[in-house]
Amino acid sequence: MDAKRVVDLLYWRDVKTTGAVFGANLLLLFSLTMCSIISVLSYVALALLSVTITFRIYKGILQAIQKSDEGHPFKLYLDKDVALSDEAVQKYSDLALGRMNSGLIELRRLFLVEDLVDSLKFAVFMWILTYIGALFNGLTLLILGLVSAFGCPLVYEKHQTQIDHYLALVNNQIKDIVAKVQAKVPGLKKKAE
């Protein structure tokens with residue numbers, strides 16, 4: 001899936017497609033809050049099998065009544081090659097390996113305090129996450145993230161000028177506070193760029 005299709009999906013360019021993707025993902029996450037992942041996957045597989053078996057029987061009865069020989073209704077999909085190519089597996093595993101290695105290098109840098117300011121920022125972030133973790137579980141955060149991913153771009157697109165104005169005000173306030181803190185705390189002077 002390329003970036004343009006993802007952007008079109010998040011900005012609701014095709015309402016039917018976005019609604020289906022958003023609704024299916026939201027239903028899956030709500031289902032996971034009620035049942036285990038094994039139960040949810042089993043129910044989804046049973047629902048899919050019910051639809052495909054019913055459609056296959058329906059088409060078979062239609063073919064028998066009309067005395068036609070159209071063949072298997074899913075022939076087009078049965079003939080498609082769904083095997084992963086060696087190149088695709090190699091490409092994505094190399095990509096994942098590169099991201100994992102860069103993440104490990106960054107974690108090593110943060111935990112071994114290569115830069116005090118970055119390590120302190122990371123510590124504050126982890127401390128904030130402890131409070132977030134106490135308030136929400138992982139599935140709740142995933143649901144909020146999904147709703148935000150599909151809602152925020154649309155709201156931003158409609159009210160961009162007002163949002164940009166207030167974000168600039170907040171950004172200036174944060175810069176002022178950070179500058180004051182850096183001026184008062186020794187060792188937190190800004191790095192030369």
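Quick notes on the rules
- Residues numbered from 1 in each chain as written.
- Predicted model: local features only at pLDDT ≥ 70, side-chain atom pairs only at ≥ 80, totals over all residues.
- Heavy atoms only, no water.
- UniProt positions renumbered as here; feature names shortened; annotations may be inferred.
- Helix = DSSP H or I, 4+ residues; strand = E, 2+ residues; numbered from the N terminus.
- Polar contact = N/O pair within 3.5 Å; in protein donor to acceptor, adjacent residues only side chain to side chain.
- Contact = heavy atoms within 4.5 Å.
- Axes fitted to C-alpha atoms, helices over the stretch in contact; angles between N-to-C directions.
- Parallel < 35°, antiparallel > 145°, perpendicular 65-115°, else oblique.
- Nonpolar A, V, L, I, M, F, W, Y, C, P; charged D, E, K, R; others polar.
- Salt bridge = Lys/Arg side-chain N within 4 Å of Asp/Glu carboxyl O.
- Buried < 20%, exposed > 50% of the residue type's maximum accessible area, 1.4 Å probe, protein only.
- Phe/Tyr/Trp six-rings, centres within 6.5 Å; stacked < 30°, edge-to-face > 60°.
- Core = buried A, V, L, I, M, F, W, Y, C linked by side-chain atoms within 4.5 Å.
- Expected span 1.5 Å × (residues − 1).
- Bend = angle between axes of the 7 residues up to and from the residue.

- In the annotation of an unreviewed UniProt entry, the entry for the protein reads Reticulon, and the organism field reads Clupea harengus.
- The Subcellular location (unreviewed entry) comment attached to the protein in UniProt states, word for word, "Endoplasmic reticulum membrane".

1. A short note on the side chain of R109
For step 1, the next point in the chain: Relative to the elements of secondary structure, R109 occurs in helix 5 (residues 86–111).
For step 2, the next point in the chain: Looking at R109, its side chain comes within polar contact range of the side chain of E106, at 2.8 Å.
For step 3, the next point in the chain: If near-sequence neighbours (up to four positions away) are discounted, R109 is found in contact with E114, D115, D118 and S119.

2. Structural notes on the packing of helix 7 (residues 138–158) against helix 8 (residues 160–184)
For step 1, the next point in the chain: Between helix 7 and helix 8, whose axes approach to 5 Å, the crossing angle comes to 100 degrees. Classified by the interaxial angle, the pair formed by helix 7 and helix 8 is roughly perpendicular. The segment helix 7 lies against helix 8, with V155, Y156, E157 and K158 engaging Q160, I163 and D164.
For step 2, the next point in the chain: Split by residue class, the contact of helix 7 with helix 8 holds three nonpolar, one polar and three charged.

3. Re the pattern of salt bridges
For step 1, the next point in the chain: Scanning all chains against the criterion turns up six salt bridges.
For step 2, the next point in the chain: Note that R109 and D118 form a salt bridge whose closest N and O atoms lie 3.0 Å from each other. Summarising the burial analysis for this pair, R109 and D118 share the class buried.
For step 3, the next point in the chain: Via salt bridges that share partners, K4, D8, R13 and E157 belong to a single interconnected network.

4. A word on unusual backbone geometry
For step 1, the next point in the chain: Positioned with a positive phi, W12 is a non-glycine residue whose angle comes to about 55 degrees.
For step 2, the next point in the chain: Among the secondary structure elements, W12 is positioned in the loop between helix 1 (3–10) and helix 2 (15–34).
For step 3, the next point in the chain: The backbone of V113 shows a phi angle near 50 degrees, a positive value even though the residue is not glycine.
For step 4, the next point in the chain: Mapped onto the fold, V113 is located in the loop between helix 5 and helix 6 (116–135).
For step 5, the next point in the chain: Given a relative accessible area of 44%, V113 falls into the partly exposed group.

5. Let's talk about the packing of aromatic side chains
For step 1, the next point in the chain: All chains considered together, the criterion is met by six aromatic pairs.
For step 2, the next point in the chain: Seen in terms of ring centroids, W12 and F22 are 6.0 Å apart; in terms of plane orientation they differ by 65 degrees. Their pairing is edge-to-face. On the criterion of sequence distance, the pair formed by W12 in the loop between helix 1 and helix 2 and F22 in helix 2 is long-range, its members being ten residues apart.
For step 3, the next point in the chain: On the basis of relative accessibility, which here comes to 23%, the residue W12 falls in the partly exposed class.
For step 4, the next point in the chain: Residue F22 is classed as buried on the basis of its relative accessible area, which comes to 18%.
For step 5, the next point in the chain: Ring centres of F22 and F150 lie 5.0 Å apart, and the angle between their planes is 45 degrees; this geometry places the pair in the tilted category.

6. Notes on the nonpolar core
For step 1, the next point in the chain: In terms of nonpolar packing, the biggest core is built from nine residues, these being L9, F22, L26, L29, L32, V40, I143, L146 and F150.
For step 2, the next point in the chain: Per-element tally for this core: the top contributor is helix 2, with four residues.
For step 3, the next point in the chain: Aside from chain neighbours lying at most four places away, what touches L32 is I37, V40 and L139.

7. Comments concerning helix 7
For step 1, the next point in the chain: Across its 21 residues, helix 7 extends 30 Å between first and last C-alpha, which sits within 8% of the 30 Å expected from 1.5 Å per residue.
For step 2, the next point in the chain: Maximum bend of helix 7: about 30 degrees, positioned at S148.
For step 3, the next point in the chain: Listed in full, the buried residues belonging to helix 7 are I143, L146, F150 and P153.
For step 4, the next point in the chain: Contacts from the buried residues of helix 7 go to helix 1 and helix 2.
For step 5, the next point in the chain: The opening residue of helix 7, the one whose side-chain oxygen lies 3.2 Å from the backbone nitrogen of L139, is N137.

8. Considerations on the UniProt feature "transmembrane region" (unreviewed entry) in the protein
For step 1, the next point in the chain: Following the UniProt record, one finds the feature "transmembrane region" (unreviewed entry) at residues 20–49 and 135–156.
For step 2, the next point in the chain: For residues 20–49, helix accounts for 93% and strand for 0%, while the C-alpha atoms at its two ends are 19 Å apart.
For step 3, the next point in the chain: Secondary structure across residues 135–156 comprises 91% helix and 0% strand; the distance between its end C-alpha atoms is 27 Å.

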